[in-house]
Amino acid sequence: METRPLGRTGADVSVVGLGTWQLGGDWGDVDEATAGDVLDAALDAGVTLLDTADVYGDGRSEERIRKALSARPDRPFVATKAGRRADPFEAAQYTPENLRAWVDRSRRNLGVETLDLVQLHCPPTAVYSDERVYDALDSLVADGAIAAYGVSVETVAEGLTALEHPGVQTVQVILNVFRRKPLEELLPAAAARGVGILARVPLASGLLSGRYTESTTFGADDHRNFNRNGEAFDVGETFAGVPYDVGVAAAREFTAICGDRTPAQVALRWVVQQPGVTCVIPGARSVEQARSNAAAADLPPLTDTELADLERLYDERIRPHVHHRW
């Protein structure tokens with residue numbers, strides 16, 4: 001699989017990674033055996049970046065990654081996150097003591113001395129401009145607890161603020177056919193500073209797979225059920241913040257543009273093609289999904305006509321419903 005440099009970290013990573021939120025929780029139950037099979041399938045298909053967080057299943061995702069990697073000779077790049085173990089709306093919780101405790105817990109969960117990358121996990125907006133937080137992260141790098149740090153953001157403005165801090169190596173942001181705002185300012189600014197971009201929610205929580213209808217239901221423990229209006233966390237994390245019925249209707253048009261190609265693979269190929277993107281991190285709940293996602297890297301680039309059709313679809317169907325914050 002094609003690889004790209006992840007900012008200034010010194011790591012080259014596959015253009016398609018694996019997001020492991022699904023392997024921890026909030027997407028319905030995924031048992032340990034299935035989680036291991038999904039991780040193995042992704043790695044066998046050429047994926048070399050895994051994205052996780054300390055709160056995915058309260059550490060279950062990190063622990064499952066440790067177990068899956070224990071028997072493999074080659075270790076992929078593992079990006080985790082910290083901050084959501086605090087009250088996610090309380091900036092004062094992001095203290096040096098808490099950051100170190102969260103990082104140490106992730107080191108134990110993943111079974112490593114040094115974490116490859118720790119990302120601030122969508123903290124309150126004020127945290128992105130708090131010099132004390134970056135000083136604490138710099139200390140963790142100096143101590144060898146982490147090799148590099150970055151941020152995971154909800155808004156373009158948060159990402160641009162983080163880029164003002166020279167220690168930031170990566171920015172993770174929602175980017176997909178239905179969520180295009182990062183293309184305008186954030187990705188060019190990151191590229192100019194040598195900062196890697198990890199693109200999350202690339203399938204708009206599955207909308208862009210083309211498999212959902214207005215009558216599709218999701219389990220009580222699935223965020224696509226309990227967070228549609230931002231009840232539990234930022235609504236942008238669920239269906240990219242697009243009202244479900246609007247998204248389903250637009251996804252039908254997206255599927256028509258895809259022709260005989262798999263819609264999910266076209267959606268991933270679109271993200272990989274965007275200038276400044278290092279790696280796209282779709283999740284997978286099955287071996288088949290993991291393999292199919294990885295294979296998207298092999299699709300030919302979308303044509304100028306197709307790209308224009310997708311931009312028009314966004315402008316006509318999605319843009320009128322886009323939240324101004326994003």
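Note that the coordinates shown come from a computational prediction; the quantities given were computed from them, not determined experimentally.

Visitor: Explanation requested: the overall build of the chain in the structure shown.
Guide: Scanning the chain from N- to C-terminus turns up 11 helices and 10 strands. The C-alpha atoms of the chain give 18 Å as radius of gyration, which agrees with the globular expectation for 326 residues (20 Å, within 12%). Taken over the C-alpha atoms alone, the chain extends approximately 50 × 40 × 40 Å along its principal axes. Counted over contacts in the chain with a minimum sequence separation of 6, partners at least 24 positions apart contribute 76%. By element, 48% of the accessible surface of the chain is carried by carbon and sulfur atoms, the whole surface being about 13000 Å². Between the centroid of the 33 positive side chains of the chain and the centroid of its 48 negative side chains there is a distance of 1 Å.

Visitor: Help me understand the sheet that holds strand β6 (residues 117-121) in this model?
Guide: Strand-to-strand pairing in sheets goes through backbone hydrogen bonds, with the strands running parallel or antiparallel. As summarised here, the arrangement of the eight strands in space is β3-β4-β5-β6-β7-β8-β9-β10, forming an open sheet in which the pairing is parallel. At either margin of the open sheet sits one strand with a lone partner, and together these are β3 (18-19) and β10 (279-280). Pairing geometry for β6 and strand β7 (residues 149-152), over four bridges, is parallel. Opposite Q119, over in β7, you have G150 as the bridge partner. On top of the sheet, helix α4 (residues 131-142) reaches β6, β7 and β8 (168-174); it is set at about 140° to β7, its chief contact.

Visitor: Honestly, the pattern of salt bridges in this entry has me stumped. Any pointers?
Guide: Once the charged atoms of two side chains with opposite charge are near each other, the side chains can pair. The full count for this structure, using the stated rule, is 20 salt bridges. E311 serves as the salt-bridge partner of R180, at 3.9 Å between the closest nitrogen and oxygen. Of this pair, R180 sits in the loop between β8 and α6 (186-192) while E311 sits in helix α11 (residues 304-318); the two residues are 131 residues apart in sequence, bridging distant segments of the chain. A residue is classified by how much of its surface remains accessible, and E311, at 40% relative accessible area, is partly exposed.

Visitor: Any chance you could explain the packing of helix α8 (residues 244-258) against helix α9 (residues 263-273) here in plain terms?
Guide: When two helices pack together, you describe them by how their axes are tilted relative to each other and by the distance separating the axes. Between α8 and α9, the least distance of the axes is 9 Å, while the angle of their chain directions is 85°. With respect to α9, the element α8 is oriented roughly perpendicular. The residues of α9 that touch α8, namely those facing F254, T255 and C258, are P263, V266 and A267. A per-class count over the contact of α8 with α9 returns five nonpolar, one polar and no charged.

Visitor: Teacher, can you tell me more about the pairing of β6 here?
Guide: Taken residue by residue, a regular strand's side chains alternate between the two faces of the sheet. Of all five residues making up β6, five are buried, and the element is well covered by its neighbours. Where strand β5 (residues 77-82) meets β6, four bridges bridge the pair, whose relative direction is parallel. Within β6, the position partnered with T80 by the bridge is V118. The handedness of the β6 to β7 crossover, carried by α4, is right-handed.

Calculation criteria
- Residues numbered from 1 in each chain as written.
- Predicted model: local features only at pLDDT ≥ 70, side-chain atom pairs only at ≥ 80, totals over all residues.
- Heavy atoms only, no water.
- Helix = DSSP H or I, 4+ residues; strand = E, 2+ residues; numbered from the N terminus.
- Rg over C-alpha atoms; globule rule 2.2 N^0.38 Å.
- Contact = heavy atoms within 4.5 Å.
- Areas by Shrake-Rupley, 256 points an atom, 1.4 Å probe, with all protein chains shown as cover.
- Lys, Arg positive; Asp, Glu negative; His and termini not counted.
- Charge placed at Lys NZ, Arg CZ, Asp CG, Glu CD.
- Pairing = 2+ DSSP bridges.
- Axes fitted to C-alpha atoms, helices over the stretch in contact; angles between N-to-C directions.
- Salt bridge = Lys/Arg side-chain N within 4 Å of Asp/Glu carboxyl O.
- Buried < 20%, exposed > 50% of the residue type's maximum accessible area, 1.4 Å probe, protein only.
- Parallel < 35°, antiparallel > 145°, perpendicular 65-115°, else oblique.
- Nonpolar A, V, L, I, M, F, W, Y, C, P; charged D, E, K, R; others polar.
- Right-handed = clockwise from strand over helix to strand, strands pointing away.

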